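# Structural overview
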Amino acid sequence: MMTTIYILNGPNLNLLGQRQPEIYGHETLADVERGCRAMAKELGVDVLFFQSNHEGAIIDTIHEARQKAAGIVINPGAFTHTSVAILDALNAFDGPVIEVHMSNIHKREAFRHHSYISARAEGVIAGFGTDGYQTALRHLVKLLG
């Protein structure tokens, strides 16, 4: 059976390529998914790509991952800075977690400097644009060894 990695995206990432391109660039979430699927094929893993603007849907998907995924790459969007509930769900997941942010959250508004998710993540990738997803995927596969 092929190893599955969940790639989860939080609120407003469905607007990638349209919303604040000066911060997030012009690639769409569909572009990111295509790149991740191509890399997953190279790495010999399968990916489930998911985006929601709803905290509960993200939590439900993390719960599902407990039975179906070896690892999680997550860009929680604004939930990074607010969601203890997503942190709790990730803490109930046994595999490795990599947190991704396209922008460097530490160069932005002060409220973005704190991440609840980082307390659970094996690594955090920030500021590399959409390339961060593939870096996260590559590193996660390495961790799964």
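Refer to the structure printed above.
Read on for a plain summary of the structure. What you see as residue numbers is a count from 1 along each chain, following the sequence as written. In keeping with the predicted nature of the model, local features appear solely for residues at pLDDT of at least 70, side-chain atom pairs appear and are counted solely at 80 or more, and the whole-chain, interface and lining totals rest on all residues. Just so you know, side-chain values use all the structure's heavy atoms and leave hydrogens and water out.

### Examining the nonpolar core
The biggest cluster of nonpolar side chains holds 23 residues, and the ones touching the most others in it are Ile5, Ile7, Val32, Cys36, Val73, Tyr133 and Leu137. Breaking this core down by element, the ones donating at least two residues are β1 (4-9), α2 (29-43), β2 (46-51), β4 (97-101) and α5 (131-144). It only takes one pair of heavy atoms within 4.5 Å for two residues to be counted as in contact. Dropping the residues within four chain positions of it, Tyr133 is found in contact with Ile7, Asn9, Leu13, Val32, Cys36, Asn75, Val100 and Met102. As used in this record, nonpolar core signifies buried Ala, Val, Leu, Ile, Met, Phe, Trp, Tyr and Cys residues forming a set joined through side-chain atoms within 4.5 Å. Working definition: with a 1.4 Å probe on protein chains only, accessible area under 20% of the residue-type maximum means buried, over 50% means exposed, and in between means partly exposed. Each helix corresponds to a stretch of at least 4 residues labelled H or I by DSSP, and each strand to a stretch of at least 2 residues labelled E; elements are numbered beginning at the N terminus.

### Overview of unusual backbone geometry
Keep in mind that most residues, glycine aside, have a negative phi and that most peptide bonds are trans. Backbone geometry places Asn12, a non-glycine residue, at a positive phi of 75°. Inspection of the secondary structure puts Asn12 in the loop between β1 and α1 (21-24).

### Looking at the pairing of β1
Burial analysis of β1 places six of its six residues in the buried class, which makes it a mostly covered element. Taking every second residue as pointing to the same face, both faces of β1 are buried, with Thr4, Tyr6 and Leu8 on one and Ile5, Ile7 and Asn9 on the other. Bridging between β1 and β2 involves six bridges; their strand directions are parallel. Pairing of Asn9 across the sheet is with Gln51, part of β2. A pair of strands counts as paired when DSSP detects no fewer than two bridges linking them. The pairing of β1 with strand β3 (residues 71-75) spans five bridges and is classified as parallel. Residue pairing across strands places Ile5 opposite Gly71, the latter belonging to β3.

### Let's talk about the side chain of Glu99
Inspection of the secondary structure assignment puts Glu99 in strand β4. Positive: Lys, Arg. Negative: Asp, Glu. His and the chain ends are not part of the count. Salt-bridge detection follows one rule: a side-chain nitrogen of Lys or Arg within 4 Å of a carboxyl oxygen of Asp or Glu. With no salt bridge to any partner, buried Glu99 finds its closest opposite charge in Arg120, at an N-O distance of 10 Å. For Glu99, the side chain forms a polar contact with the side chain of Ser115, separated by 2.7 Å. Not counting the four nearest positions on each side in its chain, Glu99 is found in contact with Ile74, Pro76, Thr80, Ser115, Ile117, Ser118, Ala121, Gly123, Val124 and Ile125. In protein, a polar contact requires one atom able to donate a hydrogen and another able to accept it; more generally it is a pair of N or O atoms within 3.5 Å, and residues adjacent in sequence count only if both atoms are side-chain atoms.

### Some remarks on the packing of helix α3 (residues 55-68) against helix α4 (residues 84-91)
Throughout, an axis means a line fitted to C-alpha atoms (over the contacting stretch in the case of helices), and angles, computed between N-to-C directions, take values from 0 to 180 degrees. Viewed as axis vectors pointing N to C, α3 and α4 meet at an angle of 5°, and their least axial separation amounts to 9 Å. The angle between α3 and α4 falls in the class roughly parallel. Between α3 and α4, the residues in contact are Glu55, Ile58, Ile59, Ile62 and His63 and Ala85, Ile86, Ala89 and Leu90, respectively. Note on residue categories: nonpolar means Ala, Val, Leu, Ile, Met, Phe, Trp, Tyr, Cys or Pro, charged means Asp, Glu, Lys or Arg, and polar means any other residue, Gly included. Residue composition of the contact of α3 with α4, grouped by class: seven nonpolar, one polar and one charged. Every angle not falling under 35 degrees, over 145, or within 65 to 115 is termed oblique; those three ranges are roughly parallel, roughly antiparallel and roughly perpendicular.

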